[in-house]
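Below, each chain spelled out in residue letters.
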Amino acid sequence: MTAFSFPRGFTKDPIDQFRKWYEKARKSGCTTADIMTVATATTDAVPSARAVLFKGIENGGFVFFTNYKSRKGRELNANPRAAAVFLWSSGADKAPNLQIRIEGEVQKLSRAESEKYFQTRERKSQIAAWISLQSSPVPNFHFLQQAAAEMQDAYSGRKVPCPPFWGGYAIYPASFEFWRAGKYRLNLRVRYKRRRSGWSAQVLAP
Ligand SMILES: Cc1cc2nc3c(=O)[nH]c(=O)nc-3n(C[C@H](O)[C@H](O)[C@H](O)COP(=O)(O)O)c2cc1C
């Protein structure tokens, strides 16, 4: 069998590779660079997926913030594993041509980290975190607007604290896959798997 060699420009560390593509996407005006679709599953293997804002990489973990009582929060509580997808563009035509998949275990950020980030959010977003029992049915949209107005009054002149049911999660990838569109569907796929020390890599058929 022919020995593995990295495709030109690829780095040995997938996090470095992620940062390279992220910069490339941002520089070319990709509007989805900071969005990832996160899939979770119940303990009996029913999957669900949704877009969240990607807030960066902390100690190797891919961070997002949410309501811990939401559907994703409940699923992660019972089954702390997730898969996430980034869909980016790096060309002038802005067509999606890059995909990065990650899979791994998920941990909550510390209370201090969540509280610190919460304080950087706009006040109206802080209020929205308090009044939204995310993923629970509400009578109508007006109900939410009214609840936000009431909460605004309640916190008038005071700092809005981080709700105890709100905070960050970090996904620690055990694997990455980088996909780049090629001509005539000869797309490039490079998968990295975490090993005891470092990472192994393979090229996959498209
Ligand atoms: C572009 C975009 C960004 C979003 N960012 C977040 C986010 O950072 N955190 C979050 O909880 N929901 C975010 N949402 C909403 C989620 O997609 C989803 O509706 C919500 O989190 C409830 O999901 P769940 O019921 O599966 O828990 C975002 C939606 C979109 C379209």
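The coordinates are above.
All values derive from a computational prediction rather than experimental measurement. (Residues numbered from 1 in each chain as written. Predicted model: local features only at pLDDT ≥ 70, side-chain atom pairs only at ≥ 80, totals over all residues. Heavy atoms only, no water.)

A. Just the site of the ligand, in detail. Neighbouring the ligand are the residues Ile35, Arg50, Ala51, Val52, Leu53, Phe65, Thr66, Ser70, Arg71, Lys72, Gln134 and Ser135. Note that an oxygen atom of the ligand is positioned 2.6 Å from one of the side-chain N or O atoms of Thr66. Interatomic distance of 3.3 Å between a backbone N/O atom of Arg71 and an oxygen atom of the ligand. Counting residues per element, the ones that place at least two in the shell around the ligand are β2 (47-53), β4 (61-67) and α2 (71-78). (Near = heavy atom within 4 Å. Polar contact = N/O pair within 3.5 Å; in protein donor to acceptor, adjacent residues only side chain to side chain. Helix = DSSP H or I, 4+ residues; strand = E, 2+ residues; numbered from the N terminus.)

B. Here's a closer look at the layout of surface pockets. Empty space within the largest pocket amounts to approximately 330 Å³. Around the largest pocket, the lining comprises 16 residues; the ones closest to its centre are Phe65, Thr66, Arg121, Gln134 and Trp166. Within the residue set of the lining of the largest pocket, elements represented by two or more residues are β2, β4 and α4 (123-131). By residue class, the composition of the lining of the largest pocket is 8 nonpolar, 5 polar and 3 charged. Looking at which domains feed residues into the lining of the largest pocket, each of domain 1 (14-119 + 165-203) and domain 2 (122-161) gives three or more. By volume, the second largest pocket amounts to about 190 Å³. Among the elements of the structure, β4 and α3 (111-118) are those that each provide at least two residues to the lining of the second largest pocket. With 3 residues, α3 is the largest single contributor of residues to the lining of the second largest pocket. (1 Å grid on protein atoms, 1.4 Å probe; cavity = no way out; pocket = protein on both sides within 12 Å on 5 of 7 lines; lining within 4 Å. Points joined across faces, edges and corners; volume = space filled by probe spheres on them. Nonpolar A, V, L, I, M, F, W, Y, C, P; charged D, E, K, R; others polar. Domains from an automatic or database assignment.)

C. How the structure looks around unusual backbone geometry. With a phi angle near 80°, Ser135 is a residue other than glycine that sits in the positive phi range. If you trace the backbone, Ser135 turns up in the loop between α4 and α5 (141-154).

D. Quick peek at the pattern of salt bridges. Applying the stated criterion across every chain, the model contains 5 salt bridges. For Arg26, the salt bridge goes to Asp34, with nearest N and O atoms at 3.2 Å. Given the relative accessible area of 44%, Arg26 is considered partly exposed. Among the residues examined, Asp34 registers a relative accessible area of 27% and is labelled partly exposed. (Salt bridge = Lys/Arg side-chain N within 4 Å of Asp/Glu carboxyl O. Buried < 20%, exposed > 50% of the residue type's maximum accessible area, 1.4 Å probe, protein only.)

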